[in-house]
Amino acid sequence: MKYLSEWDQWKRYSSKSWKRFLEKAREMTTHLELWREDIRSIEGKFGTGIQSYFSFLRFLVLLNLVIFLIIFMLVLLPILLTKYKITNSSFVLIPFKDTDIQCTVYPVSSSGLIYFYSYIIDLLSGTGFLEETSLFYGHYTIDGVKFQNFTYDLPLAYLISTIAYLALSLLWIVKRSVEGFKINLIRSEEHFQSYCNKIFAGWDFCITNRSMADLKHSSLRYELRADLEEERIRQKIAERTSEETIRIYSLRLFLNCIVLAVLGACFYAIYVATVFSQEHMKKEIDKMVFGENLLILYLPSIVITLANFITPMIFAKIIRYEDYSPGFEIRLTILRCVFMRLATICVLVFTLGSKITSCDDDTCDLCGYNQKLYPCWETQVGQEMYKLMIFDFIIILAVTLFVDFPRKLLVTYCSSWKLIQCWGQQEFAIPDNVLGIVYGQTICWIGAFFSPLLPAIATLKFIIIFYVKEHEFPKVWSLDETFFILICIAGLPSGKWSLLYTCRPSPRPFRASNSNFFFLLVLLIGLCLAIIPLTISISRIPSSKACGPFTNFNTTWEVIPKTVSTFPSSLQSFIHGVTSEAFAVPFFMIICLIMFYFIALAGAHKRVVIQLREQLSLESRDKRYLIQKLTEAQRDTRN
């Protein structure tokens, strides 16, 4: 330090102090992590595979909380400040436009004031008194908020909040998935190295529970058996004759046709259920009994849930006859289930879109959409997403409460019965649980535009799911504990103490790195599928003329060109230039060149890695040869 000037010494000292401060701050923030102790306890008892599921669930809770804060700050906060006179501001009503009076009619149902049980129907379906609240799109029928020095443009803020939460979700998922992708690239290995790594470095040292240690032993045995089975399949493929190859590919083609037929039947059933529900839900409530009304309102959700329950079992039966390796069987089955779960939501949304834009009379020519059935179609799409969210949550609680919990009781106290032994305890299948919460998150992404408070509901839902799922792992109960649990279930059906230790971990292994990357990949697929119907709704379907902030625009997207037209001419020219084809084509070509460069660079790195592995193998052979010669020389010397 004596050879440095005072300025350089001060800079080095400041740099070290700043790094020390950042390290201390990072240590402090780790103590503020949500569910830090709970997730550490799960990791210590059940390994990193199950811990990765709960970490993923925590990530979705934080993501939905941030999405809700974006929508709250941009849309809800200015309205609340004006409504409750917190600031000196006033609402700017939407100016009257030359629109046919028939398109502006919006009859809001008030049936909840007549029958008591209609309040329950309204709460479960989002109709009645909930339809007029800030939960749905139709509540925001104002043009802006006028403050002292400026006017807040609510339609622009509403659209920007949608674009912001979609972009934030994409960037956050990509950032987290890149880390898992790097680990997967590092762990790409030859089969012999895979055997060595499983035998010499396959143990999970986070496990402290005896039963979980036994489970890990069986998992390692399963991995080795699966590797040997995959090696047997590879040898079988290499020895397969041309006739056998033609036969197996013909069988796979036939079975894939069956899979497509099953998917087509499910999609058609969802389409029929949605059309039937939309056509009959407009009846007066006094013409239907309570159960019939709920059944019609929830018919699409029921059909989607049945399809998501039945199709995985069909796919699991079909995959056995396709003669794939065990690892590929799991991946292909999961991909089929992912496509089924997420495509059902898209089928529902596109069915609603076709009903909204088609009608028998001249209403579509007059208003641009079916105003008779859908006076405020955005609110009604939001109600469908709300019903899907609520029904999915009810199913999760009902299965845990009325299926898994009694099954655990039977296994605990009636284990001597042969039927109960065959049935066994419910497995905590990580892929199935992940698909369930990704399904709920996709509903949230699609529905947040039509129901701005849906991310808050999703946040509460995932928090409750965390506490329900956290206590689904094995423990031997005494009669007193069972009686206490039953009392808690009767009093708090969704609380932390309501469901305790009803499942056992699946014997199939899931490493944390592979699991995290797989979870985020499935979530990214769900986000891409959610963007498609949202983009069509914003840019192509005419906005409602009877409700919402976009009543004076033909489509929701028109608020962007209108806002750009108010900018200075130089800025307008720059924006038009950036969004033109003359800029897009060269930009796309440059991006392609950069992508090809990185692909070539990755290929070169891969070849270097292969050469280094070959070099390591040669060095090990050289060492073995030298040791052999040294042993022979020592033997000759002794002789």
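These numbers come from a predicted model, not from an experiment. All residue numbers refer to position in the chain's written sequence, counted from 1. Only residues with pLDDT of 70 or above have their local features reported here, since the model is predicted, and side-chain atom pairs are shown and tallied only from 80 upward, although totals for entire chains, interfaces and linings are computed over all residues. Excluding hydrogens and water, the side-chain values take into account all heavy atoms of the structure.

A. How the structure looks around the overall build of the protein chain. By definition, any uninterrupted DSSP run of H or I lasting at least four residues is a helix, any uninterrupted run of E lasting at least two residues is a strand, and each is numbered from the N terminus. Along its length, the protein chain carries 21 helices and 5 strands. Sorting the 639 residues of the protein chain into buried and exposed places 42% on the buried side. Only heavy atoms enter the contact rule, under which two residues are in contact if any of them lie within 4.5 Å. Considering only contacts in the protein chain between residues 6 or more positions apart, those separated by 24 or more positions represent 77%. A total accessible area of about 36100 Å² is found for the protein chain, and carbon and sulfur atoms account for 66% of it. Note on exposure labels: buried denotes an accessible area under 20% of the residue type's maximum, exposed denotes more than 50%, and partly exposed covers the range between, all computed with a 1.4 Å probe on protein chains only. The accessible surface values rely on the Shrake-Rupley method and a 1.4 Å probe; as for residues, cover is taken only from the protein chains in view.

B. Quick look at empty space enclosed by the protein. Grid points spaced at 1 Å over the protein atoms alone were grouped into cavities, where a 1.4 Å probe fits but cannot get out, and pockets, open sets with protein on both sides within 12 Å along at least five of seven lines, with lining residues defined by an atom within 4 Å of a point. Grid points are joined across faces, edges and corners, and a volume is the space filled by probe spheres set on the points. Considering all chains together, one arrives at 2 cavities of 30 Å³ or more under this definition. Of the volumes computed, that of the largest cavity is approximately 40 Å³. For the largest cavity, the full set of lining residues is Ile71, Val75, Tyr158, Ser161, Thr162, Tyr165, Ala448, Phe449 and Pro452. Residue assignment for the lining of the largest cavity shows that the elements contributing at least two residues are helix H3 (48-83) and helix H5 (154-186). In terms of residue count, H5 provides more of the lining of the largest cavity than any other element does, 4 residues in total. Gly falls in the polar group here, along with every residue not listed as nonpolar (Ala, Val, Leu, Ile, Met, Phe, Trp, Tyr, Cys, Pro) or charged (Asp, Glu, Lys, Arg). Taken together, the residues of the lining of the largest cavity break down into 7 nonpolar, 2 polar and no charged.

C. Summary view of the state of the cysteines. When two cysteine sulfur atoms are found within 2.5 Å, that pair is recorded as a disulfide. All told, the structure shown has 1 disulfide when counted by the stated rule. There is a disulfide in this structure between cysteine 376 and cysteine 547, and the S-S distance comes to 1.8 Å. With the S-S bond torsion at 85 degrees, the cross-link from cysteine 376 to cysteine 547 turns out right-handed. Of this pair, cysteine 376 sits in the loop between helix H12 (363-367) and helix H13 (377-413) while cysteine 547 sits in the loop between helix H18 (512-539) and helix H19 (559-564), and the two are 171 residues apart along the sequence. The two residues cysteine 376 and cysteine 547 agree in class, both being buried.

D. Structural detail: the environment of phenylalanine 72. Tracing the sequence through the fold places phenylalanine 72 in helix H3. We classify phenylalanine 72 as partly exposed; its relative accessible area is 23%. Separated by 384 residues in sequence, phenylalanine 72 and alanine 456 have C-alpha atoms that sit 9.9 Å apart. Excluding residues that lie within four positions of it along the chain, phenylalanine 72 makes contacts with Leu77, Pro78 and Leu80.

E. Fine view of the sheet that holds strand S1 (residues 90-92). The strand order S1-S2-S3 describes an open sheet built from 3 strands, whose pairing is antiparallel. Edge strands, defined here as strands with exactly one partner in the open sheet, are S1 and strand S3 (151-153). For this sheet, the mean inter-axis angle between neighbouring strands, taken without regard to orientation, is 25 degrees. Any two strands with at least two DSSP-identified bridges between them are counted as paired. Of the pairings in the sheet, the one linking strand S2 (residues 144-146) to S3 comprises 3 bridges and is antiparallel in character. Across the sheet, residue valine 145 finds its bridge partner in S3, namely tyrosine 152. Here an axis means a line fitted to C-alpha atoms, over the contact stretch when the element is a helix, while the angle between two N-to-C directions is reported on a 0 to 180 degree scale.

F. Layout of a positive patch on the surface. For patches, a residue must show more than 30% relative accessible area and have no salt bridge; joins then use 9 Å for like charges and 5 Å for nonpolar side chains, namely Val, Leu, Ile, Met, Phe, Trp and Tyr. What counts as a salt bridge is simple: a side-chain nitrogen of Lys or Arg found within 4 Å of a carboxyl oxygen of Asp or Glu. For the charge count, each Lys or Arg is scored as positive and each Asp or Glu as negative, with His and the chain ends excluded. Every charge is mapped to an atom, namely NZ of Lys, CZ of Arg, CG of Asp or CD of Glu. On the surface, a cluster of positive charge is made up of Arg12, Lys16, Lys19, Arg20 and Lys24. Within the secondary structure layout, arginine 12 lies in helix H1 (residues 6-30).

G. Structural detail: the packing of aromatic side chains. Think of it this way: a Phe, Tyr or Trp ring, Trp meaning its six-membered ring, pairs with another when their centres are within 6.5 Å, and the plane angle makes it stacked under 30 degrees, edge-to-face over 60, tilted otherwise. All told, the structure shown has 19 aromatic pairs when counted by the stated rule. On the basis of an interplanar angle of 85 degrees and a centroid distance of 6.0 Å, the ring pair of tyrosine 158 and phenylalanine 550 is categorised as edge-to-face. Here the residue tyrosine 158 occupies a position in helix H5, and phenylalanine 550 occupies one in the loop between H18 and H19, the gap between them amounting to 392 residues. Phenylalanine 550 sits in the buried class, given a relative accessible area of 0%. An angle of 85 degrees between the planes, with centres 5.6 Å apart, marks the rings of phenylalanine 466 and tyrosine 467 as edge-to-face. Classification of phenylalanine 466 as buried rests on a relative accessible area of 0%. Given the relative accessible area of 22%, tyrosine 467 is considered partly exposed.

H. Structural context of the pattern of salt bridges. Per the counting criterion, the structure on display carries 4 salt bridges. When the shortest N-O distance is used, the salt bridge between arginine 336 and glutamate 322 registers 3.1 Å. Note that arginine 336 is positioned in helix H11 (residues 326-356) and glutamate 322 in the loop between helix H10 (299-319) and H11, a separation of 14 residues in sequence. Across the pair glutamate 384 and lysine 387 runs a salt bridge, and its minimum N-O distance is 3.0 Å. One end of the pair is glutamate 384 and the other is lysine 387, both in helix H13 and 3 residues apart, which spans about a single turn.

I. Layout of the environment of cysteine 376. Since its relative accessible area comes to 0%, cysteine 376 is described here as buried. For the pair formed by cysteine 376 and cysteine 547, sequence separation is 171 residues and the distance between their alpha carbons is 5.9 Å. Residues in contact with cysteine 376, not counting those within four places in the same chain, are Tyr106, Tyr137, Gly138, Ser544 and Cys547.

J. Spatial organisation of the side chain of threonine 551. By the secondary structure assignment, threonine 551 is in the loop between H18 and H19. Here threonine 551 falls in the buried class, since its relative accessible area comes to 9%. Those residues in contact with threonine 551 that sit more than four places away from it in its chain are Ile94, Ser544, Lys545 and Ala546.

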